[in-house]
Amino acid sequence: PPPGGVELSFRRELESRGASLEANSIEVERLLRDFEHRLVDALLGALGERAPRVLVQAVSRSMSQSGMANLERALRDCGPQLVVSGGEQTLRYELLWVSEHVWEVVASLRKFNFEQFVAVSDTDAGDDEEEPGAVHVLE
């Protein structure tokens with residue numbers, strides 16, 4: 001775990017127990033509920049007992065699937081969009097205390113072991129030869 005922090009990984013917990021969704025769906029659901037409770041406890045413990053509700057909501061929203069979708073949407077105008085096909089991914093969030101009343105959420109998404117991806121060109125690429133939104137499949 002990071003210095004002074006807690007690292008939680010549902011994937012590692014499943015692997016250490018030899019559980020899989022296909023073989024043990026009821027056990028995986030039970031483990032997921034337990035993991036979710038520990039995750040919430042860790043988040044609330046990090047933010048402190050007196051953390052304002054709006055802070056807890058903002059941080060938990062940032063550290064969620066919808067938070068990652070918002071980030072991807074915000075980056076839409078920063079270059080071509082890439083969508084991978086297959087492979088694996090690791091999503092990691094870090095909650096860092098900066099100063100009193102200031103927190104930072106760091107998100108990193110790693111996609112790897114994929115064999116092809118789709119690139120969608122910029123909507124305003126400025127390239128006369130290619131229409132905005134053109135799709136290219138690359139292997």
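Our structure's up above, just so we're on the same page.
## Brief notes about the overall build of the protein chain
Here's step 1: When you go through the protein chain residue by residue, the secondary structure sums to four helices and five strands.
Here's step 2: Ordered by position from the N terminus, the helices and strands of the protein chain form the series α-α-α-α-β-β-β-β-β.
Here's step 3: Partitioning the intrachain contacts of the protein chain with sequence separation of at least 6 by distance along the chain shows that 41% fall at a separation of at least 24.
Here's step 4: When the accessible surface of the protein chain is summed, it comes to about 10800 Å², and 52% of that surface belongs to carbon and sulfur atoms.

## Observations concerning unusual backbone geometry
Here's step 1: Phi at Asn113 is positive, roughly 60°, even though this residue is not glycine.
Here's step 2: Relative to the helices and strands, Asn113 is located in the loop between strand 3 (102–112) and strand 4 (116–120).
Here's step 3: Take Asn113: its relative accessible area is 55%, and that puts it in the exposed class.

## Describing the packing of helix 2 (residues 25–47) against helix 3 (residues 53–62)
Here's step 1: Interhelical geometry of helix 2 versus helix 3 gives an angle of 130° and a closest axis separation of 11 Å. Here helix 2 is positioned oblique relative to helix 3, judged by the angle of their axes. In terms of crossing hand, the pair formed by helix 2 and helix 3 is right-handed. Packed against helix 2, whose contacting residues are Leu43, Leu44 and Leu47, the element helix 3 presents Leu55, Val56, Val59 and Ser60 at the interface.
Here's step 2: Across the contact of helix 2 with helix 3, the residue classes break down as six nonpolar, one polar and no charged.

## Some details on the nonpolar core
Here's step 1: In this structure, Phe10, Leu14, Ala19, Val28, Leu31 and Phe35 together form the largest nonpolar core, which totals six residues.
Here's step 2: Only helix 1 (10–17) and helix 2 provide two or more residues apiece to this core.
Here's step 3: Looking at which element gives the most residues to this core, the answer is helix 2, with three residues.
Here's step 4: Apart from residues no more than four positions distant in its own chain, Phe35 is found in contact with Leu8, Ser9, Phe10 and Glu13.
Here's step 5: Counting residues in hydrophobic clusters, the runner-up holds five residues, among them Leu47, Ala51, Val56 and Val59.

## Focus on the pairing of strand 4
Here's step 1: Examined bridge by bridge, strand 1 (residues 81–85) and strand 4 share five bridges and lie antiparallel to one another. Each residue of the ladder has a partner; that of Ser85, found in strand 4, is Gln116.
Here's step 2: Sheet topology note: the strand 4/strand 5 (residues 135–138) ladder contains four bridges and is antiparallel. Note that in strand 5 the partner of Ala119 across the bridge is His136.

## Description of the packing of aromatic side chains
Here's step 1: In the structure shown here, the tally under the stated rule is two aromatic pairs.
Here's step 2: Centroid distance Phe10 to Phe35: 5.4 Å. Interplanar angle 55°. Geometry classified as tilted. Of this pair, Phe10 sits in helix 1 while Phe35 sits in helix 2; the two residues are 25 residues apart in sequence, bridging distant segments of the chain. Summarising the burial analysis for this pair, Phe10 and Phe35 share the class buried.
Here's step 3: Residues Phe114 and Phe117 carry aromatic rings whose centres are separated by 6.4 Å and whose planes lie at 90° to one another, so their mutual orientation is edge-to-face.

Conventions we followed
Residues numbered from 1 in each chain as written. Predicted model: local features only at pLDDT ≥ 70, side-chain atom pairs only at ≥ 80, totals over all residues. Heavy atoms only, no water. Helix = DSSP H or I, 4+ residues; strand = E, 2+ residues; numbered from the N terminus. Contact = heavy atoms within 4.5 Å. Areas by Shrake-Rupley, 256 points an atom, 1.4 Å probe, with all protein chains shown as cover. Buried < 20%, exposed > 50% of the residue type's maximum accessible area, 1.4 Å probe, protein only. Axes fitted to C-alpha atoms, helices over the stretch in contact; angles between N-to-C directions. Parallel < 35°, antiparallel > 145°, perpendicular 65-115°, else oblique. Left-handed = near helix turned anticlockwise from the far one by under 90°. Nonpolar A, V, L, I, M, F, W, Y, C, P; charged D, E, K, R; others polar. Core = buried A, V, L, I, M, F, W, Y, C linked by side-chain atoms within 4.5 Å. Pairing = 2+ DSSP bridges. Phe/Tyr/Trp six-rings, centres within 6.5 Å; stacked < 30°, edge-to-face > 60°.

What is shown is where atoms sit, not what they do.
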